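The chain contents come next:
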Amino acid sequence: MKIQHFQHIFRATVLAALVSSSMQSFAQPTDEVVAIVDDSVILKSDLEQGVAETEHQLKAQNKTVPPQQYLQMQVLDQLIVRQAQLEQVKRYGIKPDEKSLNAAVLKVANQSGASTLEAFQQKLDAIAPGTYENLRNRIAEDLAIGRLRQQQVMSRIKISDHDVENFLNSPEGQAALGIQAHVIHMRISGENTDEVQKVAQEVKQALTTSNDPKTISSKLSTSTVKVDGADMGFRPLSDIPTELSARITPLKVGQTTELINVRDGVHVLKLLERKQNDQKALVSQYKTRHILIQPSEVVTLDRAKQMIESLYKRVKAGEDFATLAATYSTDTGSARDGGSLGWVSPGMMVPEFEQVMKDTPVGQVSKPFQTQFGWHILQVTDTRQQDMTKEVQERMARQILGERQFDSEVDSWTRELRANAYVEIKDANLDTKAPQK
């Protein structure tokens, strides 16, 4: 059994263990290093805290707690992987924003019965000074690791157009699209297998020229073979058993399946009609152009703000937006086209940019605003409603396929991270690779 440590910081059961073990760690007069990971160390108190949390989780789930040495080895391995990820977090400078961090801590606070961060801090620090800060730092690390995983793992996931097409044409994809099928369903049953197969072939043949299941049932039923048939009307493929919907998906209208042999007899299906959810994905699009001044080694953030404010005044005074964008914008891709970003759909830009874009009337120039990329001004020159049904469907397919691959890619990435990290375990009894006495 492999211990799944640190699975979800927001579980109330983990919170109780975390607070308890945090108090213990504050009480440690001395500490010792149990492992070195790259430029960081894992202390004995870290390991004891991790073991305490894991034991608490297992007991809360009524699961057996493994022998202490095995538990320590598994928890230490998880701590090593976590520390290797934190080393990457430092390397890439990943930090959660205050809003996201406060929301995450508040979620834990609510689970513990506190309605505000202030009340939560008072509650924890009354138990042991510094406990709230310790917990907050831990959650900040978890959020940063989550972002690191998204950045590193998503870049490893490759989904081709062919993969998307195959998924959308599969029973699962058709069901996800809301495809409905109008089907005739025939079931042939009896004690004698040979007789059942013979009548089933006759039913299949009759379906090629008839859409009347009752007449077929009446005509082909015998004293030893029963033929049941029904017009099922339109039904979502998601409501039809998988083994049957998989046979319906490749059919063209008017075609009949091959004989489907299952426990309760032989089934034959005929597709009469197929239809899709008529609701179209109409999306508001904005024809947008912008000027970006991005901070750099020679341009400070304050200087970037001063420059964009100057350009804003020049545009308002009548100078040509496109000329200024081509001359000054540090977004070289759009600058070549006078700052044009073309038709922009929701979700294509960072939230701050998108909100200003939506709030800016056609023909007007926005006031200077800041995003993670620097300081901008933008102008919306036109808007339209665009049918993006096909694009939405393809995006849905990519998301589903990406989610399928994500967990396996996370495992692969963490194994590589662990293998490439410098790790020195000080206690041979805790080293899974060391020969055990």
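Just so it is clear, the model here is predicted, and its values are computed rather than measured. (Residues numbered from 1 in each chain as written. Predicted model: local features only at pLDDT ≥ 70, side-chain atom pairs only at ≥ 80, totals over all residues. Heavy atoms only, no water.)

Of regular secondary structure, the protein chain possesses 16 helices and eleven strands. Counting contacts in the protein chain only where the partners sit at least 6 residues apart, residues at least 24 apart contribute 71% of the total. (Helix = DSSP H or I, 4+ residues; strand = E, 2+ residues; numbered from the N terminus. Contact = heavy atoms within 4.5 Å.)

The next point concerns the packing of helix α6 (residues 131–154) against helix α16 (residues 389–420). Contact geometry for α6 and α16: axes closest at 10 Å, N-to-C directions at 100 degrees. Classified by the interaxial angle, the pair formed by α6 and α16 is roughly perpendicular. Contact residues: α6 offers Leu-148, Arg-149, Gln-150, Gln-152, Val-153 and Met-154, while α16 offers Phe-406, Glu-409, Val-410, Trp-413 and Thr-414. Taken together, the residues that form the contact of α6 with α16 break down as six nonpolar, three polar and two charged. (Axes fitted to C-alpha atoms, helices over the stretch in contact; angles between N-to-C directions. Parallel < 35°, antiparallel > 145°, perpendicular 65-115°, else oblique. Nonpolar A, V, L, I, M, F, W, Y, C, P; charged D, E, K, R; others polar.)

A few words on the nonpolar core. With 46 residues, the main nonpolar core has Ile-42, Leu-47, Leu-76 and Ile-248 as its most contacted residues. Here this core gets nine residues from one element, more than from any other, and that element is helix α3 (residues 68–92). In this view, Ile-42 contacts Glu-32, Val-33, Val-34, Ala-35, Val-37, Leu-76, Leu-79, Ile-80 and Gln-83; residues no more than four positions away in its chain are not counted. Within the second largest apolar cluster, 16 residues are counted, among which are Met-186, Ile-188, Val-203 and Val-227. (Core = buried A, V, L, I, M, F, W, Y, C linked by side-chain atoms within 4.5 Å. Buried < 20%, exposed > 50% of the residue type's maximum accessible area, 1.4 Å probe, protein only.)

Before going further, it helps to spend a moment on the pattern of salt bridges. Pairs can form between side chains of opposite charge once their charged atoms are near each other. In total, this model carries 14 salt bridges according to the counting rule given. Asp-161 is the partner of Arg-398 in a salt bridge, and the nearest nitrogen-oxygen pair spans 2.5 Å. Here Arg-398 is found in helix α16, whereas its partner Asp-161 is found in helix α7 (residues 161–168), with 237 residues between them in sequence. Residue classification places Asp-161 among the exposed positions, given a relative accessible area of 58%. (Salt bridge = Lys/Arg side-chain N within 4 Å of Asp/Glu carboxyl O.)

The next point concerns α16. Between its first and last C-alpha atoms α16 spans 44 Å; for 32 residues at 1.5 Å apiece the expected length is 46 Å, and the two agree. The principal kink in α16, of about 35 degrees, is found at Phe-406. (Expected span 1.5 Å × (residues − 1). Bend = angle between axes of the 7 residues up to and from the residue.)

Let's shift gears to the environment of Val-153. Mapped onto the elements of the fold, Val-153 is located in helix α6. Here Val-153 falls in the buried class, since its relative accessible area comes to 0%. Taking C-alpha positions, Val-153 is 9.7 Å from Ser-408, a pair spaced 255 residues apart along the chain. What Val-153 contacts, discounting residues up to four positions off in sequence, is Phe-406, Glu-409, Val-410 and Trp-413.

This part covers the packing of α3 against α16. The geometry of α3 relative to α16 is characterised by a closest axis approach of 9 Å and an angle of 85 degrees between their N-to-C directions. When the interaxial angle is binned, α3 and α16 end up roughly perpendicular. Across the interface between the two elements, Asp-77, Ile-80, Val-81, Ala-84, Gln-85 and Gln-88 from α3 touch Trp-413, Thr-414, Leu-417 and Arg-418 from α16. Partitioned by chemical class, the residues of the contact of α3 with α16 number five nonpolar, three polar and two charged.

What follows is about the sheet that holds strand β2 (residues 40–43). Overall, antiparallel pairing links the three strands, which are arranged β2-β1-β11 in an open sheet. Either end of the sheet is taken by a strand with one partner, and the two such strands are β2 and β11 (423–425). Each strand of the sheet is rotated relative to its neighbour by a mean of 20 degrees, with strand direction disregarded. The pairing of strand β1 (residues 33–37) with β2 spans four bridges and is classified as antiparallel. Counted as the bridge partner of Val-33 is Leu-43 from β2. Contacts from α3 reach β1, β2 and β11 within the one sheet, and its direction differs from that of β2 by about 150 degrees. (Pairing = 2+ DSSP bridges.)

For the rest of this paragraph, the subject is the pairing of β2. Of the two faces of β2, the one lined by Ser-40 and Ile-42 is fully buried and the one lined by Val-41 and Leu-43 carries no buried residue. Connecting the antiparallel pair β1 and β2 is a turn made up of two residues, with Asp-38 showing a positive phi of about 55 degrees.

Tracing the sequence through the fold places Val-41 in strand β2. When the C-alpha atoms of Val-41 and Ile-80 are compared, they prove to be 9.1 Å apart, with 39 residues separating the residues in sequence. Apart from the residues within four sequence positions on either side, Val-41 is in contact with Val-33, Ala-35, Ile-36 and Asp-46.

What characterises a pair of aromatic rings is the spacing of the ring centres plus the angle enclosed by the ring planes. A full pass over the atoms with the stated rule returns two aromatic pairs. Ring centres 6.1 Å apart and planes at 85 degrees place the aromatic pair Phe-120 and Tyr-132 in the edge-to-face group. In this pair, Phe-120 is assigned in helix α5 (residues 117–127) and Tyr-132 in helix α6, connecting sequence segments twelve residues apart. For Phe-120, a relative accessible area of 1% corresponds to the buried category. Of note, Arg-384 hangs over the ring of Trp-343, and the distance from its end group to the ring centre comes to 4.0 Å. (Phe/Tyr/Trp six-rings, centres within 6.5 Å; stacked < 30°, edge-to-face > 60°. Lys NZ or Arg CZ within 6 Å of the ring centre and 35° of its normal.)

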